[in-house]
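Structure assessment
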Amino acid sequence: MTMSVTELKEKGNEKFKAGEYEEALVFYTQALGLGDLKDSDKAVIYKNRSMCQLKLDKYEKAVADATESLELVPNDPKALYRRCLAYEKLDRLEEAYKDAGMLLKVEPKNVAVKPVLARLTPVIRERVKIQNSTQEKVRQMFNLAFDGGKDKEKRLQACNNLIVLAREDGGPSVIMEHGGMGKLKEFMLSEKDPDLLQAGTRVLSCLTQTSKDRSQWVYENLGVVRLGQLMAMPIEGLSTSVAHLIHNMLHSITDWADYQVKVEEFQEKKRNRDPAIHPKFKLEEYQHKFIDEVFHGLIKMLQHHKVSACGRDAAMELMIKTVPRKTGLQWTKKFLESDAIEGLLVIAGTVIQHQSIPVTEQSRMHASLLLNTIWEDLAGEKEAEKFKGKVSEFFTEMFANEDLDSKVEAVRAISMLLQGPFEIGNMILGFEGVTQIMLALAQSDRIMHQQIAVEAIVHSASKKDRCTGLLAEAVPVLKKLYHDGGDDNIKVRALVGMCKLGSFEGSDASNRPMADGSTVTLAKACKKFLSNPDGNLQMKQWATEGLAYLTLDADVKEELVNDPQALDAVIQASANPSTSLMYAAAILFVNLTNSTDKQEVAPEMVELAKYAKQHIPEEHPKDKPEYVKERISRLISAGMLNCLMALTKTESKNTREQVSRVYLTVATDESYRGQIVQTGGVKLLLALCQDNNTDLGKQVAAQTLAKLAITQDPQITFAGQKMYEVVRPLITLLHVERTGLQNFEALLALTNLSSISDSVRQRILAEKGIPSIEQYMYEDHELIQRAAIECMCNMVQNEKVIKTFEGENDRVKFFMLICGDEDEKIVRAASGALAVLTSESDIVCKKIVEVNKWDEILLALLVNELPDIQHRGCYIVRNMVHVSKEIAEKVFAGQVMEVMMALSILTEPAQQKVRELSKDALHVAEEHGIIKKNPNQS
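Residues numbered from 1 in each chain as written. Predicted model: local features only at pLDDT ≥ 70, side-chain atom pairs only at ≥ 80, totals over all residues. Heavy atoms only, no water.

Some details on the overall build of the protein chain
- Looking only at helices and strands, one finds 55 helices and zero strands in the protein chain.
- Buried positions account for 52% of the 938 residues belonging to the protein chain.
- Approximately 44600 Å² of the protein chain is accessible, and the part contributed by carbon and sulfur atoms is 49%. (Helix = DSSP H or I, 4+ residues; strand = E, 2+ residues; numbered from the N terminus. Buried < 20%, exposed > 50% of the residue type's maximum accessible area, 1.4 Å probe, protein only. Areas by Shrake-Rupley, 256 points an atom, 1.4 Å probe, with all protein chains shown as cover.)

Concerning the side chain of serine 368
- Relative to the assigned elements, serine 368 resides in helix 20 (residues 363–377).
- With residues near it in sequence (within four places) discarded, serine 368 still touches Met416, Gln419 and Gly420. (Contact = heavy atoms within 4.5 Å.)

Looking at the packing of helix 21 (residues 381–400) against helix 22 (residues 404–417)
- Two numbers describe how helix 21 lies on helix 22: the axes approach to 8 Å, and their chain directions differ by 150°. As the angle between them shows, helix 21 and helix 22 are arranged roughly antiparallel. Seen from helix 21, the contacting residues are Val391, Phe395, Met398 and Phe399; seen from helix 22, they are Ser406, Lys407, Glu409, Ala410, Val411, Ala413, Ile414 and Leu417. (Axes fitted to C-alpha atoms, helices over the stretch in contact; angles between N-to-C directions. Parallel < 35°, antiparallel > 145°, perpendicular 65-115°, else oblique.)

Observations regarding helix 51 (residues 854–862)
- Here helix 51 has its buried residues at Trp854, Ile857, Leu858, Leu859, Leu861 and Leu862.
- In this fold, the buried residues of helix 51 make contact with helix 48 (811–818), helix 49 (824–840), helix 50 (842–848), helix 52 (867–883), helix 53 (885–891) and helix 54 (896–903).

Notes on unusual backbone geometry
- At aspartate 57, a residue that is not glycine, the phi angle is positive and equals roughly 65°.
- You can see aspartate 57 is positioned in the loop between helix 3 (39–55) and helix 4 (59–72).
- Notably, asparagine 594 is not glycine yet its phi reads approximately 55°, a positive angle.
- Note that asparagine 594 resides in the loop between helix 32 (579–592) and helix 33 (603–611).

Some words on the packing of aromatic side chains
- Under the criterion given, the structure shown has 10 aromatic pairs.
- Residues phenylalanine 295 and phenylalanine 335 carry aromatic rings whose centres are separated by 5.5 Å and whose planes lie at 80° to one another, so their mutual orientation is edge-to-face. One end of the pair, phenylalanine 295, is in helix 16 (residues 285–303); the other, phenylalanine 335, is in helix 18 (residues 332–337), with 40 residues separating them in the sequence.
- What makes phenylalanine 295 buried here is its relative accessible area of 1%.
- Aromatic side chains tyrosine 778 and phenylalanine 814 sit 4.6 Å apart centroid to centroid with 50° between the ring planes, which places their arrangement in the tilted category. Remark: phenylalanine 814 occurs in helix 48 and tyrosine 778 occurs in the loop between helix 45 (769–775) and helix 46 (782–795); sequence separation between them is 36 residues.
- Lying across the ring of phenylalanine 295, lysine 334 places its NZ or CZ 5.5 Å from the centre. (Phe/Tyr/Trp six-rings, centres within 6.5 Å; stacked < 30°, edge-to-face > 60°. Lys NZ or Arg CZ within 6 Å of the ring centre and 35° of its normal.)

Examining the pattern of salt bridges
- Counted by the stated rule, this structure contains 37 salt bridges.
- In this structure, lysine 58 and glutamate 22 form a salt bridge, with 3.4 Å as the shortest nitrogen-oxygen distance. Placement of lysine 58 in the loop between helix 3 and helix 4 and of glutamate 22 in helix 2 (residues 21–32) is noted, with a sequence separation of 36 residues between them.
- The salt bridge involving aspartate 623 is made with lysine 557; its shortest N-O contact spans 3.1 Å. With aspartate 623 in the loop between helix 33 and helix 34 (625–638) and lysine 557 in helix 30 (residues 554–561), the pair connects residues that are 66 residues apart, well separated along the chain.
- Shared partners join several salt bridges into a network, and the residues in it are Lys557, Glu558, Asp623 and Arg631. (Salt bridge = Lys/Arg side-chain N within 4 Å of Asp/Glu carboxyl O.)

Quick notes on the packing of helix 12 (residues 212–221) against helix 16
- Interhelical geometry of helix 12 versus helix 16 gives an angle of 55° and a closest axis separation of 12 Å. By the angle between their directions, the pair helix 12 and helix 16 is classed as oblique. Between helix 12 and helix 16 lies a crossing whose hand is left-handed. Along its contact with helix 12, which presents Lys212, Gln216 and Tyr219, the element helix 16 presents Tyr286, Gln287, Lys289, Phe290 and Glu293.
- Classifying every residue of the contact of helix 12 with helix 16 gives three nonpolar, two polar and three charged. (Left-handed = near helix turned anticlockwise from the far one by under 90°. Nonpolar A, V, L, I, M, F, W, Y, C, P; charged D, E, K, R; others polar.)

Remarks on the environment of lysine 390
- If you trace the backbone, lysine 390 turns up in helix 21.
- The buried category is assigned to lysine 390, whose relative accessible area is 16%.
- Separated by 51 residues in sequence, lysine 390 and aspartate 339 have C-alpha atoms that sit 8.7 Å apart.
- Apart from the residues lying within four places of it in its own chain, the contact partners of lysine 390 are Leu336, Ser338, Ile341 and Glu342.

Re the environment of alanine 921
- Along the chain, alanine 921 falls in helix 55 (residues 912–927).
- Take alanine 921: its relative accessible area is 0%, and that puts it in the buried class.
- Counting along the chain gives 24 residues from alanine 921 to methionine 897, while the straight-line C-alpha distance between them is 9.4 Å.
- Those residues within four positions of alanine 921 in sequence are excluded, and the remaining contacts are Val877, Arg878, Val881, Phe892 and Met900.

A word on the nonpolar core
- Residues Met319, Trp331, Phe335, Phe395 and Phe815 are the most contacted members of the largest nonpolar core, which totals 259 residues.
- Per-element accounting of this core gives the leading share, 10 residues, to helix 32.
- Excluding residues that lie within four positions of it along the chain, phenylalanine 395 makes contacts with Leu345, Ala410, Ala413, Ile414, Leu417, Ile428 and Phe431.
- Ranked by size, the runner-up nonpolar core spans 20 residues in total, among them Leu54, Val63, Leu80 and Ile124. (Core = buried A, V, L, I, M, F, W, Y, C linked by side-chain atoms within 4.5 Å.)

Overview of the side chain of glutamate 767
- Considering the arrangement of structural elements, one finds glutamate 767 in the loop between helix 44 (758–766) and helix 45.
- Polar side-chain contacts of glutamate 767 include one of 3.0 Å to the side chain of arginine 728.
- Residues within four places of glutamate 767 in sequence aside, it is in contact with Val727, Arg728 and Ile731. (Polar contact = N/O pair within 3.5 Å; in protein donor to acceptor, adjacent residues only side chain to side chain.)

Side note on the environment of glutamate 657
- If you trace the backbone, glutamate 657 turns up in helix 36 (residues 653–668).
- As for glutamate 657 and leucine 688, which are separated by 31 residues in sequence, their C-alpha atoms are 8.0 Å apart.
- Here glutamate 657 is in contact with Asn693, Thr694, Leu696 and Gly697, once residues within four sequence places are set aside.

A look at helix 35 (residues 640–647)
- Most of helix 35 is tucked away, with six of its eight residues classed as buried.
- All of the buried residues in helix 35 are Met640, Leu641, Cys643, Leu644, Ala646 and Leu647.

Some remarks on the confidence of the model for the protein chain
- Counting all residues, the mean pLDDT for the protein chain is 84, and 88% of those residues have values of 70 or more.
- With pLDDT under 50 throughout, residues 505–516 is counted as low confidence; its partners more than four residues away or in other chains account for 27 contacts. (pLDDT = per-residue confidence, 0-100.)

Next up, the structure:
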């Protein structure tokens with residue numbers, strides 16, 4: 001049914017009064033989307049919506065809606081007050097103080113704003129005092145930094161002091177007021193010293209962070225071209241600082257965070273055909289211009305021969321952050337329309353000895369990660385075909401070139417593609433003649449050619465079913481290079497290739513592709529390279545990768561963890577890993593701890609497979625729980641938990657998923673949970689629940705947090721803001737697609753958290769946790785149902801949750817009925833919830849007497865043998881009779897009165913609470929004239 005603006009507004013008001021703020025928002029938003037409205041009506045709706053946002057702790061949105069209202073009706077007292085409160089919550093105290101002052105001018109007698117002013121005035125005064133002090137510091141630093149003196153150290157120190165000042169409250173404003181931006185412009189355009197330029201860039205980074213005006217000033221006065229020139233200089237620190245400055249400017253100028261919200265809202269409303277699409281979705285012209293200039297500038301840096309190696313890396317790192325549609329600036333489509341993919345493939349294939357363009361050891365990994373980011377972000381088959389076409393065209397041209405160097409670079413680029421995106425690398429492997437070129441290079445007399453070819457062969461061995469032909473020819477080559485090669489770098493790469501071949505059957509102990517003991521022999525060779533004190537870092541990385549494959553064999557796992565020297569070498573290599581090592585090290589820990597997914601096979605299916613003469617995978621005897629437990633103990637003692645923290649410093653979602661898996665395995669043993677907390681695991685796991693992880697990785701990280709919340713003290717484990725941050729990951733586990741164990745552990749964790757404080761319960765409510773918890777109260781699984789009811793027992797201590805029980809629904813009826821359940825723990829939780837509800841809500845008390853056989857259920861609680869359940873029953877009765885004479889009459893109409901009288905004369909000390917509650921209820925009944933006191937009783 002179509003509703004008018006007035007009806008929608010009134011419906012929103014009703015929902016607001018009922019405490020259903022999310023629902024109220026929906027109605028207000030729908031009202032705003034209905035055609036032309038009077039400014040006064042619009043202002044009221046925006047004002048109401050702002051109040052909803054305040055109630056839901058969405059302070060940025062509360063500010064936005066109040067501002068919309070004030071633009072329509074300037075100086076409206078309620079809008080000013082609501083924006084003032086939101087500003088205060090956001091710690092934007094100057095703006096809050098300004099709104100409070102304006103409100104007092106408009107309404108001098110406004111009582112509500114006076115306490116706010118009382119809070120803000122001393123804080124603002126203190127800030128003004130600090131600001132005055134800051135002004136003097138700024139003057140001094142300007143004189144030292146920008147006077148062109150020859151004392152570099154003093155100038156550098158002055159710039160560093162400006163960085164500190166720019167981070168202080170009010171510091172950026174003071175710098176602006178004293179002409180700091182003009183001085184910085186002159187400084188950045190004329191200064192030649194790279195150290196001073198880096199310091200100046202860092203000052204600008206601080207000034208542009210969260211400031212659109214200052215970012216726009218830098219864009220208009222320095223320009224993207226000058227920033228690109230600075231980034232291209234061969235000074236790593238300067239390149240990184242400039243990239244960070246541009247990143248800040250992109251965030252500020254585009255309102256990046258808000259931009260993503262708008263994009264999400266736009267797409268959702270478009271899918272739902274909602275007319276109320278955000279009116280400010282489109283970017284302004286100068287914002288588009290800035291984004292385009294930055295994009296095209298970064299693309300040019302990929303292949304330009306004058307760009308330094310570190311500058312090229314900084315450009316790619318910046319693009320990795322800005323490409324994705326969901327978390328970046330939606331540059332994927334732009335990439336497909338430019339020559340960026342070709343540029344990245346050039347970097348991927350660059351051989352340092354050829355000196356075509358400057359690159360670092362990390363450049364190829366940056367190119368791989370960026371290409372993989374683009375590939376995963378493609379929308380639809382059309383974009384995928386365009387991507388493949390560009391890659392195919394590049395390699396066709398490279399292999400068609402008669403120059404041998406061109407073919408070498410093409411093979412090197414294939415090696416990178418096989419690390420990600422693999423599907424594209426595998427496509428190029430299928431080109432006619434490519435494998436023959438790789439094998440020919442592997443048998444070349446030149447060490448560099450051998451190394452590049454062997455790397456490509458090793459990476460191509462990741463999928464047995466896709467490269468059987470190549471491997472059949474490659475095995476003899478790898479063996480020859482390993483046994484006869486004189487260069488250790490070649491030997492270790494050939495060794496990894498053989499390790500991959502030896503691991504193709506995974507952990508199946510019954511099917512080994514190599515002779516018995518071959519994997520252990522290969523592992524010993526890897527350990528030798530790994531433990532060699534004279535070996536270079538790259539060699540150790542390759543040895544670690546070899547072990548990552550071989551440790552699918554339990555004999556190798558045991559061999560490694562029982563070799564202190566080798567285990568220490570693994571820990572050292574993983575504690576400060578390079579980008580290329582991270583995934584291999586993560587896989588190694590997954591294998592050693594048996595953190596892979598294992599499907600349970602029903603015994604009848606095994607028998608059926610035997611009958612059909614099908615191969616049946618077998619578990620290795622050394623992969624039994626007692627062996628795994630001992631391995632985990634040794635790994636933790638060696639320092640594995642610190643390594644896991646280091647391995648998450650990557651953009652690779654797959655690596656982060658593997659780390660999440662290991663954490664879950666370790667946390668499954670309750671005795672290690674304290675160590676996870678002590679080593680900073682909670683902060684890391686919260687990060688692993690964010691977007692930069694696979695969906696499975698997020699689930700696994702959330703389940704680990706649930707395990708920690710179940711047995712550890714939440715106030716210690718999730719100190720400060722973490723208490724609120726952990727709520728959302730836990731609620732994501734309350735989903736039908738999650739396992740029963742994940743549902744159960746999430747409910748137990750939320751039960752513990754909700755017992756801490758009402759602010760935590762408020763966060764659970766704001767994250768829409770109530771419907772998720774409720775759905776499991778009807779679960780067939782007894783443990784899950786009980787956990788959900790126990791969680792709700794804590795949640796009903798929240799005022800807003802109580803309101804949900806007062807609405808037109810069967811929540812009270814359900815809790816009343818399950819008080820008659822056979823499970824005493826369910827009865828205890830349900831009666832506890834009703835005891836809280838009846839003490840806070842007369843409506844709930846009235847609803848109870850509408851439930852079929854309510855009196856029999858109450859009676860069962862009163863005569864229960866368990867004292868705590870009996871106490872809850874008495875509490876409910878006491879609360880009900882206090883509501884009204886009518887309810888009291890209904891309560892005492894049957895056997896309840898007799899039982900209460902019996903309970904009122906109990907004499908045991910342990911029964912004192914029951915006795916007092918019964919006496920109180922009887923006293924109320926006496927006051928109502930329902931019963932009369934026996935004159936013979938004292």
